[in-house]
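Each chain, letter by letter, is given below.
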Amino acid sequence: MTVSSLNIAKFGGTSVATMSAMRNCAKIVAAEPATRVVVVSASAGVTNHLVSLANTPLTQAQIIDIIEKIKAIQYSILQDLGKPPELSEKLESLLEALIDAAQHEELLHRDDLKDTLLSFGERMSSLLFTEVLKREGVNAENFDVRKVLRTDTTFGEAVPQLAEIERLASQLMQPEIIDKVLVTQGFVGADEIGRTTTLGRGGSDFTAALLAEALGAQSCEIWTDVVGVYTTDPRITDTARPLPELSFEEAAEMANFGAKVLHPATMEPALRQDIKVFVGSSKEPEKGGTWIVRNCKHEPPYRAITRRKEQVMVTVKTPKMMHAPGFLQQVFTIIAKHNLSVDLVTTSEIAVSFTLDNPANSVAEKLNRETLDELRDFCEVVIENNYDLVTVVGNNMHSAAGVSSKIFWSVRDYNLRMICYGANPHNMSFLVHQDDSTEIVKELHRSLFE
Ligand code: ASP
Ligand code: MG
């Protein structure tokens, strides 16, 4: 037996941060009988606290201080639930295990221990949310996602094993969701021998899409604190507006190029299985949201503008490159060997420039002396920081007449360090100085959308 119409609902950190936020989510679940699997993030703030515990050398007093902050977030919800004994006991034992994990002496040096520690956020929030759902009259049950979300062993950035996930979900979840709503953890997985892994920050969206794919769901709802995906980040301009619909490709480009609402990998399962994805606000579900689908009613040339900050530009040159076969391959072999992932590339006769995403200065570790020495063996290398990447996302951008000239006209007063256009019909990207990027996004928004 299978459920005829299945929806997966995912609730983000702010949606499960307090009792009243959780109650809004519970009403959304209760109102939709097709929702049989609920995926939750950790309550807002908890994962950040856990990351500090996992990555910073701390004194005992500092550790206790952070744990108290986590406790305060979860206990306030427990308190509002009237502290039912069974639930209190379960939360208490999770917290005790969390404290042990936080005090493990090898924590700072072992990625497996870090992932176990990070998993407690979702384990606590899903436990609490199950109870809130029951209070709303839903036949809810807490489900340990590690039983089905099989990954490889890349702690911190684990890669899901799709065939195994499908097999395990069919076996262990499918029979349960006939008459129950399973509440499970986003972001968390387990490897072949049961060690806890995580999918990378913001990974709960990805979990929801993976479970939707594994269970053959028709739709996947991502409930967050904004009423959908916007034409651009509303913090940049208050004229940004929510989009009623987006295509899978557009959404994937937006997530890749910096739109914060969706984890970039979320669209992959959706695309493979044609699963409609909805993004809306759990606080204001009546306002609707954005539907991400295979075929949109309209395919406008300009849909949205995104910005990704903290980009590094690397330029490699050699006079010998002229007519020299194999130069690019040599460069990119070294880059790949050091696990650097390249975004934009432009080439000329004697030089190649490319960009690297550099959140929290993470590139420095990989673009180190060794990497540079290897490159400098056969070319000159220049590294420039302080760039942002601005991307216009839309449709048929490389073939529709006038599309690019309108974009170029809007940014004519700015210095564009690099332009990427033509390789993909859905985007056009500029590398610009970080001091200019806000103005550039505003200017583009004004001319393309207002
Ligand atoms: N709790 C995790 C994080 O904050 C995963 C998620 O919320 O999607 O990154
Ligand atoms: Mg998120």
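Just above sits the structure.
Residues numbered from 1 in each chain as written. Chains lettered and ligands numbered in written order. Predicted model: local features only at pLDDT ≥ 70, side-chain atom pairs only at ≥ 80, totals over all residues. Heavy atoms only, no water.

### Remarks on the overall build of the protein
Phase 1: Regarding its fold elements, the protein presents 15 helices and 16 strands.
Phase 2: For the protein, whose C-alpha radius of gyration is 23 Å, the value lies close to the compact-globule estimate of 22 Å for 450 residues.
Phase 3: With respect to the three principal axes, the spread of C-alpha positions in the protein is 75 × 55 × 40 Å.
Phase 4: When the 450 residues of the protein are sorted by exposure, 53% land in the buried category.
Phase 5: When contacts within the protein are restricted to residue pairs at least 6 apart in sequence, those whose partners lie at least 24 apart make up 76%.
Phase 6: Here the protein carries 44 positive and 60 negative side-chain charges, and the mean point of each set is 3 Å from the other. (Helix = DSSP H or I, 4+ residues; strand = E, 2+ residues; numbered from the N terminus. Rg over C-alpha atoms; globule rule 2.2 N^0.38 Å. Buried < 20%, exposed > 50% of the residue type's maximum accessible area, 1.4 Å probe, protein only. Contact = heavy atoms within 4.5 Å. Lys, Arg positive; Asp, Glu negative; His and termini not counted. Charge placed at Lys NZ, Arg CZ, Asp CG, Glu CD.)

### Observations concerning the nonpolar core
Phase 1: Membership of the largest hydrophobic core comes to 94 residues, with the highest contact counts inside it found for Phe11, Leu117, Phe129 and Leu133.
Phase 2: Judged by nonpolar contacts, the second largest core, of 18 residues, contains Val314, Phe327, Val352 and Val381. (Core = buried A, V, L, I, M, F, W, Y, C linked by side-chain atoms within 4.5 Å.)

### Considering the sheet that holds strand β11 (residues 304–317)
The strands making up a sheet associate through backbone hydrogen bonding, with each pair oriented either parallel or antiparallel.
Phase 1: Read across the open sheet, the 6 strands follow the order β12-β13-β11-β14-β16-β15; overall the sheet is antiparallel. One side of each edge strand has no neighbouring strand; the edge strands of this open sheet are β12 (342–347) and β15 (416–421). With strand direction ignored, the average angle separating the axes of adjacent strands in the sheet is 30°.
Phase 2: With 5 bridges joining them, β15 and strand β16 (residues 427–433) adopt antiparallel strand pairing. Across the sheet, the residue bridging to Cys420 is Ser429, located in β16.
Phase 3: Set on the sheet, helix α15 (residues 434–449) makes contact with β11, β14 (380–393) and β16; between it and β14 the angle comes to about 25°. (Pairing = 2+ DSSP bridges. Axes fitted to C-alpha atoms, helices over the stretch in contact; angles between N-to-C directions.)

### Digging into the layout of surface pockets
Any empty space left between the atoms is revealed when a probe the size of a water molecule rolls over them.
Phase 1: Here the second largest pocket defines a volume of roughly 330 Å³.
Phase 2: In terms of lining, the second largest pocket is formed by 15 residues, of which the most central are Leu87, Lys90, Leu127, Thr130 and Asn142.
Phase 3: Listed by contribution, the elements that provide at least two residues to the lining of the second largest pocket are α4 (85–102), α6 (120–135) and β3 (140–143).
Phase 4: A total of 5 residues in the lining of the second largest pocket trace back to one element, the largest contributor, which is α6.
Phase 5: Residues of the lining of the second largest pocket, tallied by class, amount to 4 nonpolar, 3 polar and 8 charged. (1 Å grid on protein atoms, 1.4 Å probe; cavity = no way out; pocket = protein on both sides within 12 Å on 5 of 7 lines; lining within 4 Å. Points joined across faces, edges and corners; volume = space filled by probe spheres on them. Nonpolar A, V, L, I, M, F, W, Y, C, P; charged D, E, K, R; others polar.)

### A short note on the sheet that holds strand β7 (residues 219–224)
Phase 1: Pairing in this open sheet of 8 strands is mixed, and the strands run β3-β4-β2-β1-β7-β9-β10-β8 from one edge to the other. With partners counted over all chains shown, the strands left at the sheet margins are β3 and β8 (245–247), one partner each. Across the sheet, the axes of successive neighbouring strands diverge by a mean angle of 20°, strand direction being ignored.
Phase 2: Strands in contact with helix α8 (residues 204–215) are β1 (7–11), β2 (35–40), β4 (181–185) and β7; relative to β2, the strand with the most contacts, it is inclined by about 155°.

### Comments concerning helix α2 (residues 46–55)
Phase 1: Of the residues making up α2, those classed as buried are Val46, Thr47, Leu50, Leu53 and Ala54. Along the axis of α2, the buried residues cluster in a sector spanning 115°; they form a single face.
Phase 2: Buried residues along α2 sit against α3 (60–80), α4, α5 (111–118) and α6. (Arc of directions from axis to C-beta.)

### Quick word on the site of ligand 1
Phase 1: Around ligand 1, the neighbouring residues are Ser41, Ala42, Thr47, Glu122, Phe187, Arg201, Gly202, Gly203 and Ser204.
Phase 2: Here an oxygen atom of ligand 1 sits 3.4 Å away from a polar atom, N or O, in the main chain of Gly203.
Phase 3: Interatomic distance of 3.0 Å between a backbone N/O atom of Ser204 and an oxygen atom of ligand 1.
Phase 4: Taken together, the residues that form the shell around ligand 1 break down as 2 nonpolar, 5 polar and 2 charged. (Near = heavy atom within 4 Å. Polar contact = N/O pair within 3.5 Å; in protein donor to acceptor, adjacent residues only side chain to side chain.)

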